[in-house]
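# Survey of secondary and tertiary structure
For reference, the chains in residue letters:
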Amino acid sequence: MQPIPIDLIRGRKKRSGEVPRVPKPEWLKVRAPGSENYHRLKGLMRTLNLHTVCEEANCPNIGECWHHGTATFMILGDTCTRSCGYCNVMHGTPKPPDEREPVHVASAIHAMDLTHVVITSVDRDDLADFGAGHFARTIAETRARIPGCRIEVLIPDFKGDEAALRMVLDARPDVLNHNIETVPRLYRTARPGGRYPRALEVLRRSREIAPGIATKSGLMVGLGEEWDEVVETLRDLRTAGVNIVTIGQYLRPSLANLPMVRYYTPAEFAELKRIGLEMGFGHVESGPLVRSSYHAHEQTASYEASR
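It should be emphasised that the depicted structure is a prediction, and the values quoted were computed from it without experimental measurement.

With that settled, consider the pattern of salt bridges. Using the criterion set out here, one finds 20 salt bridges in the structure. In this structure, Lys-216 and Glu-152 form a salt bridge, with 2.7 Å as the shortest nitrogen-oxygen distance. Of this pair, Lys-216 sits in strand E10 (residues 214–221) while Glu-152 sits in strand E8 (residues 150–154), and the two are 64 residues apart along the sequence. Like Glu-152, Lys-216 is buried. When salt bridges that share partners are traced, they join Glu-162, Arg-166, Glu-201, Arg-204, Arg-205 and Glu-208 into one network.

Here you go:
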């Protein structure tokens, strides 16, 4: 008997029970990338065999960010050990880490002459240190080449391992980011490999271990959460000591990902920003196209100016 073929999208099955597709509102339409600098950066990434979350996550801001010479590097390969419902990164069994990658990333940052860089990764639950050592080496290699470059790391939860978190913080990044992503009620479907209390604990513990390093987190809306749940999640982040928060619209990457329930309006994003600032966050970046690393250098500069 022949096996029944399964239609997979980046390691995930298509979801059944589809909801009708809703046309994007005008405020979410962006120009297709194609500038000279965009193609230059794309060529540089391929030459050094590097991955960016800009490409892997189908970020709508890739044209703008790459045109201005900024990118978010994704280390530890392009295959994630978890399968979050909202994420477009490949899910499966990853290859062993490339030991040359920290040098390659640092070389690319040097070649691009960046003053602020974001380094993130897939989840690597298969590794003893969950990839923390790779983060630390990448930070060290970058510091050696560009001492004045501001380094932001967007880390996984390392399954709550404190030694892994300390390893990254001991390398002295300027910003420690871990995205909360969604409200606690939706964690089971949106982030089955994660735990809401664990995500908050990563952020709280980071402030406790290294109070001089700014903490940051990001939240998506449009997955079916209620307004009060969003506000309560912001309150939880502030209680955990988070300094910078980003709020953006969830956009469904493929039919294998969770459906988008509704679009938030620019006015609603503006209201969430007002609420966040009133809570005491040093900086709130809130808008339809906002992603965790969008205008990251401006977010950090704004927070530092508010201190």
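From this point, things continue past the structure.
Turning our eyes to something else, we now look at the nonpolar core. Counting residues in hydrophobic clusters, the biggest one holds 33 residues, and the most contacted among them are Val-153, Ile-155 and Val-168. Contributing elements (two or more residues each) for this core: strand E4 (72–75), helix H4 (101–112), strand E7 (116–121), helix H5 (132–145), E8 and helix H6 (162–170). Excluding anything up to four places from it in sequence, Ile-155 contacts Phe-135, Leu-165, Val-168, Leu-176, Asn-177, His-178 and Val-202. Grouped together as the second largest cluster of nonpolar side chains are 20 residues, Tyr-196, Ala-199, Leu-237 and Ile-247 included.

Looking now at the environment of Gln-249. One can find Gln-249 in strand E11 (residues 244–249). Note on Gln-249: relative accessible area 1%, which makes it buried. C-alpha separation for the pair Gln-249 and Gly-287, spaced 38 residues apart in sequence, amounts to 7.3 Å. A polar atom in the side chain of Gln-249 sits 2.8 Å from the backbone nitrogen of Tyr-264.

For helix H10 (residues 266–279), spanning 14 residues, the distance from its first C-alpha to its last is 20 Å, which sits close to the expected 20 Å at 1.5 Å a residue. For H10, every residue scored as buried is listed here: Phe-269, Leu-272, Ile-275 and Gly-276. Each buried residue of H10 lies within a common arc of 120° when the element is viewed along its axis, so the set occupies one face. Every exposed residue of H10 that faces more than 90 degrees away from the buried side is listed here: Ala-267 and Glu-278. Against E10, helix H9 (227–239), E11 and strand E12 (283–286) lie the buried residues of H10. One or two positions beyond H10, positive phi appears at Gly-280, with a value near 115°.

On to H6. Given 3.6 residues per helical turn, the α-helix brings residues three or four places apart onto the same face. When we look at burial in H6, the residues that qualify are Ala-164, Leu-165, Val-168 and Leu-169. The buried residues of H6 occupy an angular sector of 135° when the element is viewed end-on, so they sit on one face. Those residues of H6 that are exposed and aimed more than 90 degrees away from the buried face are Ala-163 and Asp-170. In the core, the buried residues of H6 are packed alongside H5, E8, strand E9 (175–177) and helix H8 (196–209). Between the side-chain oxygen at the start of H6 and the backbone nitrogen of Ala-163 there is a gap of 3.1 Å, and the oxygen is on Asp-161. Just past H6, the residue Arg-172 takes up positive phi, approximately 60°.

The next subject is unusual backbone geometry. Phi is positive for Leu-76, which is not a glycine, with a value near 70°. Secondary-structure assignment places Leu-76 in the loop between E4 and strand E5 (79–80). Judged by relative accessible area, which is 2%, Leu-76 ranks as buried. The phi torsion at Phe-158 lies on the positive side, around 50°, for a residue other than glycine. Examined against the element boundaries, Phe-158 turns out to sit in the loop between E8 and H6. In this structure Phe-158 comes out as buried when scored by relative accessible area, which is 2%.

Parameters at a glance
Residues numbered from 1 in each chain as written. Predicted model: local features only at pLDDT ≥ 70, side-chain atom pairs only at ≥ 80, totals over all residues. Heavy atoms only, no water. Salt bridge = Lys/Arg side-chain N within 4 Å of Asp/Glu carboxyl O. Helix = DSSP H or I, 4+ residues; strand = E, 2+ residues; numbered from the N terminus. Buried < 20%, exposed > 50% of the residue type's maximum accessible area, 1.4 Å probe, protein only. Core = buried A, V, L, I, M, F, W, Y, C linked by side-chain atoms within 4.5 Å. Contact = heavy atoms within 4.5 Å. Polar contact = N/O pair within 3.5 Å; in protein donor to acceptor, adjacent residues only side chain to side chain. Expected span 1.5 Å × (residues − 1). Arc of directions from axis to C-beta.

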